[in-house]
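Letter by letter, the chains look like this.
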Amino acid sequence: DSGVTQTPKHLITATGQRVTLRCSPRSGDLSVYWYQQSLDQGLQFLIQYYNGEERAKGNILERFSAQQFPDLHSELNLSSLELGDSALYFCASSVHPSGGTDTQYFGPGTRLTVL
Amino acid sequence: QQQVKQSPQSLIVQKGGISIINCAYENTAFDYFPWYQQFPGKGPALLIAIRPDVSEKKEGRFTISFNKSAKQFSLHIMDSQPGDSATYFCAATLQGAQKLVFGQGTRLTINP
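Below is a short write-up of the structure.

Rules used throughout
Residues numbered from 1 in each chain as written. Chains lettered and ligands numbered in written order. Predicted model: local features only at pLDDT ≥ 70, side-chain atom pairs only at ≥ 80, totals over all residues. Heavy atoms only, no water. Contact = heavy atoms within 4.5 Å. Buried area = accessible area lost by both parts, 1.4 Å probe. Salt bridge = Lys/Arg side-chain N within 4 Å of Asp/Glu carboxyl O. Polar contact = N/O pair within 3.5 Å; in protein donor to acceptor, adjacent residues only side chain to side chain. Pairing = 2+ DSSP bridges. Helix = DSSP H or I, 4+ residues; strand = E, 2+ residues; numbered from the N terminus. Axes fitted to C-alpha atoms, helices over the stretch in contact; angles between N-to-C directions. 1 Å grid on protein atoms, 1.4 Å probe; cavity = no way out; pocket = protein on both sides within 12 Å on 5 of 7 lines; lining within 4 Å. Points joined across faces, edges and corners; volume = space filled by probe spheres on them. Nonpolar A, V, L, I, M, F, W, Y, C, P; charged D, E, K, R; others polar.

Moving on to the interface of chain A and chain B. Contact with chain A, which involves 23 residues of that partner, is made by 20 residues of chain B. In total, about 1600 Å² of surface goes out of reach between chain A and chain B, with carbon and sulfur atoms giving 55% of it. At the boundary of chain A and chain B, one finds zero salt bridges. Here chain A is connected to chain B by one residue pair in polar contact (both at pLDDT 80 or more).

Below, the discussion takes up the sheet that holds strand 3 (residues 19-25) of chain B. Residue and element names in this part refer to chain B. Across the sheet, five strands lie side by side as 1-3-8-7-6; this open sheet has antiparallel pairing. Because the sheet does not close on itself, it has two edges, and the strands there are strand 1 (4-7) and strand 6 (56-59). Put simply, the sheet's adjacent strands are angled 15° from each other on average, direction ignored. Bridge count for strand 3 against strand 8 (residues 72-77) is six bridges, and the pairing is antiparallel. Bridge pairing in strand 8 places Asn22 opposite Ser74.

This next bit is on the layout of surface pockets. Roughly 850 Å³ of internal volume is contained in the largest pocket. Around the largest pocket, the lining comprises 28 residues; the ones closest to its centre are Gln37, Leu39 and Leu88 of chain A together with Gln38 and Arg107 of chain B. Breaking the lining of the largest pocket down by element, the ones donating at least two residues are strand 4 (31-38), strand 9 (87-94) and strand 11 (110-114) of chain A together with strand 9 (86-92) and strand 11 (106-111) of chain B. A breakdown of the residues in the lining of the largest pocket according to their chemical character gives ten nonpolar, 14 polar and four charged. Lining the second largest pocket are 18 residues, with Asp1, Ser2 and Phe106 of chain A together with Lys42 and Gly43 of chain B positioned closest to its centre. Secondary-structure elements contributing two or more residues to the lining of the second largest pocket are strand 10 (105-106) of chain A together with strand 5 (45-50) of chain B. Here the residues of the lining of the second largest pocket are counted per class, giving eight nonpolar, seven polar and three charged.

Printed below as a string of structure tokens:
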């Protein structure tokens, strides 16, 4: 168990809808990362927050947004959902802001299915 | 230039054999190369990592070989066991950078 928790485990919704994925980092970790894992795109970095502030952006669509709250948990909001948004969404956390070389601990993921 | 290419996509090895997964990168500025292991239903977990100032790093049955001139690195799993069956991802990043660039993954199956 990595110590990173994600809810919900599974989410099934319809096109055009909006969902919120939640992540609680490991105790003591200040950085949170969001990744999307799909069969055709592999693991893609979406966005990183460090201590409440956006730190880095990757291949995140404009329909997606995230935030990190004062208690350090993070939420990823996905809106105007399309079939292609169906994927596994992982949250990871690390101690430091320089996530590349800092060990990132991944949560179990949220499987999103858009029908 | 930010891509990491991983091969093979899938690999079947007999128990006790050597599993070899290869990765290649373009960006010569990359200076940290981790490997992640992912079991079904779980998130990826760091397995082993290497920096380009060494050509090899070994941890138990897992070894990373690094060829800086060829811009390639590989994971070798010695004495492969059924419990090693998982998906393996190579990755690369820059020191101080925030994001990891992942390869496409290799699904490894160890037959008993």
